[in-house]
Amino acid sequence: MSSALTDLFPHPIVQAPMAGGVSVPQLAAAVCEAGGLGFLAAGYKTADGVYQEIKQLRSLTSRPFGVNVFMPQPEYADPAAVDVYAHQLAGEATWYEAELGDPDSGRDDGYETKLAVLRDNPVPVVSFHFGVPSREVIDSLHRVGTFVLAAATTPDEARAVERAGADAVIAQGVEAGGHQGTHRDIPELDGSGIGLLSLVAQIRESVSIPIVAAGGIMRGGQIAAVLAAGASAAQLGTAFLATHESGANALHKQALTNPLFVRTELTRAFSGRPARGLVNRFLREHGPYAPPAYPEIHHLTSPLRKAAAKAGDAQGMALWAGQGHRMARELPAGQLVEVLAGELATARAVLSGGGIQGGGGVR
């Protein structure tokens, strides 16, 4: 990664921006203060809400941080399919005594107004999810001194990120929790995502810009692995979801290591776009029938998810989590950065010192 960008954070550790109230300013500040790169998530917030969080974060740390923005989604959903799914969810609405949300509550997540906030109040780093912004947008952020990153799930998408002029690409493996950052939502490709190590290696041979690796990373040894594969830094989401400063619901934090939730799965059940979460009742019952309709399904199910959380029912919540969720550690975020950095240093020392000994063990 260009030294100008890596100089922003001493440790090659990025806290993933997790929308929905998880990536609060307190979490980002703790990560930044410990030497990582903390992120705010602009997704599902108003432009003023984003501005207020940036102000709050700046009051908590003077170190560089990032803000993540969702790209607007093209018209794609079949209204009839959304209506059918709404009918299927009627029983959930009755059970939780909640009204279904309006699927037509908006498609662009306030994209232009959030960009205006980020141009008027420049932050060190901005990343994009669900696509890549135009070169004009990226140039406008460069002019105010912002580094620009965008997610990619394939080498082709990484090349699109590079062509647009971004400073780095976030290689998101299929192991990642939450929404896959595919540039186009193609239902026929559901479940065909590329594993992180393979993806990093393929992208490394496809583009010349730096790579931030994301997907299932929970330990410093895994950070060492993606760095060895060609990444310049690692982005961790689920690992920080369980930290003390995380804004995640307590039930969500507990579910990461609860033996009731033994695996994750990519599903459209909660939002209409593929996202990885812990398999619970809602996912099992509705996942097979959810149509490709984002953000319509997100808006439709939002009141149900909130009602389930209020009722203390994790079986009705969107429990986003990566494949490494059972390795989550309930630590202060700053301490987690320090532990990860220590594990990374140990792994690098083993690798550089030829730690593989006879018998196949790493000593």
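Predicted, not measured: the structure shown is a model, and the values here were computed from it.

1. Things to note about the overall build of the protein chain
Within the protein chain, the secondary structure is distributed over 15 helices and 11 strands. A compact globule built from 363 residues should have a C-alpha radius of gyration of about 21 Å, and the protein chain, at 20 Å, falls within 12% of that. When the 363 residues of the protein chain are sorted by exposure, 56% land in the buried category. A separation threshold of at least 6 residues defines the contact pool for the protein chain, and within that pool the share at least 24 residues apart is 69%. By element, 53% of the accessible surface of the protein chain is carried by carbon and sulfur atoms, the whole surface being about 14800 Å².

2. Considerations on the sheet that holds strand β11 (residues 275-278)
In spatial order, the strands read β7-β11-β10; together these three strands make up an open sheet with antiparallel pairing. Only two strands of the sheet have a single partner each, and these edge strands are β7 (178-179) and β10 (264-267). As defined by bridge partners, β7 adjoins β11 across two bridges and the pair is classed as antiparallel. When the sheet's bridge partners are listed, glycine 178 is paired in β11 with arginine 276.

3. Here we look at the side chain of threonine 267
The residue threonine 267 is located in strand β10 in this model. A distance of 3.0 Å separates the side chain of threonine 267 from the backbone nitrogen of alanine 269, its partner in a polar contact. Residue contacts for threonine 267: discarding those within four places in its chain leaves Arg273, Pro274, Ala275, Leu283, Gly287 and Trp320.

4. A few points about the environment of phenylalanine 147
Secondary-structure assignment places phenylalanine 147 in strand β5 (residues 147-152). On the basis of relative accessibility, which here comes to 18%, the residue phenylalanine 147 falls in the buried class. Considering only alpha carbons, one finds phenylalanine 147 and alanine 4, 143 residues apart in sequence, at a separation of 9.3 Å.

5. Examining the sheet that holds strand β6 (residues 168-172)
Taken together, the eight strands give an open sheet; going across it, the order is β1-β9-β8-β6-β5-β4-β3-β2, and neighbouring strands pair in parallel fashion. Looking at which strands have only one partner, the edges of the open sheet turn out to be β1 (13-15) and β2 (38-41). This sheet shows a mean twist of 25° between the axes of neighbouring strands, independent of strand direction. Direction of pairing for β5 relative to β6: parallel, over a ladder of four bridges. Note that in β6 the partner of leucine 149 across the bridge is alanine 168. Along the sheet face, helix α3 (residues 47-60) touches β2 and β3 (65-70) and points at about 165° away from the line of β3.

6. Quick look at the pattern of salt bridges
Within the structure shown, the criterion is met by 11 salt bridges. The salt bridge involving aspartate 109 is made with lysine 114; its shortest N-O contact spans 2.9 Å. For aspartate 109, a relative accessible area of 23% gives the class partly exposed. Salt bridges sharing partners connect three or more residues here, namely Glu92, Arg281 and Glu285.

7. Concerning the packing of helix α4 (residues 79-88) against helix α14 (residues 296-310)
Two numbers describe how α4 lies on α14: the axes approach to 11 Å, and their chain directions differ by 20°. The angle between the axes of α4 and α14 places the two elements in the roughly parallel class. In this structure, the crossing between α4 and α14 has a hand that is right-handed. Across the interface between the two elements, Val82, Tyr85 and Ala86 from α4 touch Glu296, Ile297, Leu300 and Thr301 from α14. Its residues assigned to classes, the contact of α4 with α14 comprises five nonpolar, one polar and one charged.

8. Looking at helix α7 (residues 135-143)
For α7, the set of buried residues is Val137, Ile138, Ser140 and Leu141. For α7, the buried positions fall inside an angular range of 160° around the axis, keeping them on one side. Turned more than 90 degrees away from the buried face of α7 sit Glu136 and Arg143, all of them exposed. Tucked into the core, α7 has its buried residues touching α6 (111-120), β4 (125-129) and β5. Immediately downstream of α7, the backbone of glycine 145 shows phi near 90°, a positive value.

9. Quick word on the side chain of arginine 273
Here arginine 273 lies in the loop between β10 and β11. Look at arginine 273: it is buried, it has no salt bridge, and the nearest opposite charge is aspartate 185 at 4.7 Å. Residues in contact with arginine 273, not counting those within four places in the same chain, are Gln73, Phe130, His179, Gln180, Thr182, His183, Arg184, Asp185, Thr267, Arg268 and Tyr294.

10. Focus on α3
Between its first and last C-alpha, α3 extends 20 Å over 14 residues, near the 20 Å set by a 1.5 Å rise per residue. Restricting attention to buried positions, one finds in α3 the residues Ala47, Val50, Glu53, Ile54 and Leu57. Across the axial projection of α3, the buried residues extend over an arc of 120°, all falling on one side. Lining the buried residues of α3 we find α2 (25-33), β2, β3 and α6.

Criteria and cut-off values
- Residues numbered from 1 in each chain as written.
- Predicted model: local features only at pLDDT ≥ 70, side-chain atom pairs only at ≥ 80, totals over all residues.
- Heavy atoms only, no water.
- Helix = DSSP H or I, 4+ residues; strand = E, 2+ residues; numbered from the N terminus.
- Rg over C-alpha atoms; globule rule 2.2 N^0.38 Å.
- Buried < 20%, exposed > 50% of the residue type's maximum accessible area, 1.4 Å probe, protein only.
- Contact = heavy atoms within 4.5 Å.
- Areas by Shrake-Rupley, 256 points an atom, 1.4 Å probe, with all protein chains shown as cover.
- Pairing = 2+ DSSP bridges.
- Polar contact = N/O pair within 3.5 Å; in protein donor to acceptor, adjacent residues only side chain to side chain.
- Axes fitted to C-alpha atoms, helices over the stretch in contact; angles between N-to-C directions.
- Salt bridge = Lys/Arg side-chain N within 4 Å of Asp/Glu carboxyl O.
- Parallel < 35°, antiparallel > 145°, perpendicular 65-115°, else oblique.
- Left-handed = near helix turned anticlockwise from the far one by under 90°.
- Nonpolar A, V, L, I, M, F, W, Y, C, P; charged D, E, K, R; others polar.
- Arc of directions from axis to C-beta.
- Lys, Arg positive; Asp, Glu negative; His and termini not counted.
- Expected span 1.5 Å × (residues − 1).

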